[in-house]
Amino acid sequence: MPELPEVETIVRQLRDVVQGKSIKAVKILDKKVVDVRIAALPPSTIQRITRRGKYLLFHLDNNNVLLTHLRMSGHFQYGKEPSRYTAAVFHFQDGTLLTFNEIRRFGRMKAVKEKQLPKILSPLGPEPLECSYTVFKQRLEKKTKSNLKTTLMDQRVLAGLGNIYAQETLYRAGINPQRTVGTLQEGERKKLYHSIQSILRRAIRQGGTTIENYTSLEGAGRFQRFLAVYEKEQCPKKHSVQKMKIGGRGTYWCQKCQK
DNA sequence: CAATCGTCCTGCGGGC
DNA sequence: TGCCCGCAGGACGATT
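Residues numbered from 1 in each chain as written. Chains lettered and ligands numbered in written order. Predicted model: local features only at pLDDT ≥ 70, side-chain atom pairs only at ≥ 80, totals over all residues. Heavy atoms only, no water.

Colleague: Lay out the pattern of salt bridges with the relevant residues and their values.
Modeller: Taken as a whole and judged by the stated rule, the model has 14 salt bridges. Two residues, Arg-179 and Glu-188, come together in a salt bridge whose shortest N-O distance is 2.6 Å. According to the relative accessible area criterion, Glu-188 is partly exposed, its value standing at 23%. Salt bridges linked by common partners bring Glu-8, Arg-12, Arg-51, Arg-52 and Glu-127 together as one network. (Salt bridge = Lys/Arg side-chain N within 4 Å of Asp/Glu carboxyl O. Buried < 20%, exposed > 50% of the residue type's maximum accessible area, 1.4 Å probe, protein only.)

Dropping the structure here:
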């Protein structure tokens, strides 16, 4: 499940291989996943590739943007022939190709105008890695009665954390995911803030986490080596890890390390 | 306001 | 061995 570090990794790799290239033709194989209007756009060059939260954006000519969300299993492949999961194929002027693939068909790619972006992206909270502690604290203040882990995954509060990194940051901060936001002491909140910063940075450095479907363009990420609780039986201190549902989502945590 | 539930969709694992 | 069933999960809307 691509979260911020995985999307950031993919964005960086896409920049290396397709930024600046001219799109000759787009073939859409799954109309549910990919907006058919994309095939009708005038021939364009990929000017820039950016990320906002878990969204990935291809900025084309004429202020057109391909707004992409990978959800659970969306992924790109460069220079490989389409597979049964390919939703769209981008053919470039130089003869190379990029495929957008989606196994579970939850991912989306749509065409929007640059001008529409502020409005479309306005519900999103700040970028975790560009967010000061003061802003982080302010964001949490609006959710004092809510469950902490669910709040970390709420894209309107902070944009980019998903199920894996919410659990990992809480472990590192030593905080029980069942806690309510308002019960955090100042010291705990600071520790959580710093955990988010360091885990996301490290995960990006490691090329993301590869669990099941996620592969970046260059293959597997390496952060799964550093996971402390997610899908683990023991935490790094060899305590047994619990699993429970929080907000309907599987949650791993250590009863001894997280209070 | 917060939590829960249903929906979308497919692969996979458990059970028999 | 093979089939069927149910689960998982990000976002979002509807309901409790």
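Still more ground to cover, so stick around.
Colleague: Kindly report on the sheet that holds strand 7 (residues 97–102), identifying the contributing residues and their values.
Modeller: One open sheet holds the four strands; their spatial order is 1-6-7-5, and the pairing between them is antiparallel. Pairing within the sheet leaves two strands with one partner each, and these edge strands are strand 1 (23–28) and strand 5 (74–78). Neighbour-to-neighbour, the strand axes of the sheet open up by a mean angle of 15°, direction not taken into account. Bridging between strand 1 and strand 6 (residues 86–92) involves five bridges; their strand directions are antiparallel. (Pairing = 2+ DSSP bridges. Helix = DSSP H or I, 4+ residues; strand = E, 2+ residues; numbered from the N terminus. Axes fitted to C-alpha atoms, helices over the stretch in contact; angles between N-to-C directions.)

Colleague: I'd like to hear about the protein's contact with DNA strand B, residue by residue, with values.
Modeller: Near DNA strand B you find Lys-32, Arg-84, Tyr-85, Ile-103, Arg-104, Arg-105, Phe-106, Lys-142, Lys-143, Lys-145, Ser-146 and Asn-147, and these make up its full shell. Counted by atom, the contact set of DNA strand B within 4 Å of the protein is 72% sugar and phosphate. Within the side chain of Arg-84, one N or O atom sits 3.4 Å away from a phosphate oxygen of DNA strand B. Within the side chain of Ser-146, a nitrogen or oxygen atom sits 3.5 Å from a sugar or linking oxygen of DNA strand B. Grouping the constituent residues of the surface near DNA strand B by class yields three nonpolar, two polar and seven charged. (Near = heavy atom within 4 Å. Polar contact = N/O pair within 3.5 Å; in protein donor to acceptor, adjacent residues only side chain to side chain. Nonpolar A, V, L, I, M, F, W, Y, C, P; charged D, E, K, R; others polar.)

Colleague: Tell me what's going on with the packing of helix 3 (residues 133–141) against helix 6 (residues 186–205), and back it up with residues and numbers.
Modeller: Packing of helix 3 against helix 6 brings their axes to within 11 Å, and their N-to-C directions diverge by 115°. In terms of orientation, helix 3 and helix 6 fall into the roughly perpendicular class. Classified by chirality, the crossing of helix 6 by helix 3 is right-handed. For the pair formed by helix 3 and helix 6, the contact residues are Tyr-133, Phe-136, Lys-137 and Leu-140 on the first element and Glu-186, Arg-189, Lys-190, Leu-192, Tyr-193 and Ile-196 on the second. Partitioned by chemical class, the residues of the contact of helix 3 with helix 6 number six nonpolar, no polar and four charged. (Parallel < 35°, antiparallel > 145°, perpendicular 65-115°, else oblique. Left-handed = near helix turned anticlockwise from the far one by under 90°. Contact = heavy atoms within 4.5 Å.)

Colleague: Describe the pairing of strand 9 (residues 241–246), naming the residues involved and giving the relevant values.
Modeller: When strand 9 meets strand 10 (residues 249–254), the two strands line up antiparallel, connected through six bridges. Pairing of Lys-245 across the sheet is with Gly-250, part of strand 10. Counting the residues in the hairpin turn of strand 9 and strand 10 gives two residues, including Gly-247, whose phi is positive at 60°.

Colleague: Any details on the protein's contact with DNA strand C? Residues and values, ideally.
Modeller: Taken together, the neighbourhood of DNA strand C is formed by 13 residues, with His-69, Arg-71, Met-72, Lys-245 and Arg-249 sitting nearest. A share of 60% of the atoms of DNA strand C within 4 Å of the protein falls on sugar and phosphate groups. Take Arg-249: an N or O atom from its side chain is 2.7 Å from a base nitrogen of DNA strand C. Separating a phosphate oxygen of DNA strand C from a backbone N or O atom of Gly-250 is a distance of 3.1 Å.

Colleague: So what's going on with the nonpolar core? Which residues, and what values?
Modeller: Counting 37 residues, the largest nonpolar core has Phe-136, Leu-148, Leu-152, Leu-192 and Ile-196 as its most contacted members. Listing elements by their share of this core, those giving two or more residues are helix 3, helix 4 (148–153), helix 5 (163–173), helix 6 and strand 10. Element by element, the count of residues in this core is highest for helix 6, at seven residues. Counting residues in each nonpolar core, the second largest holds 27 residues, with Val-34, Ile-49, Met-109 and Ala-111 among its members. (Core = buried A, V, L, I, M, F, W, Y, C linked by side-chain atoms within 4.5 Å.)

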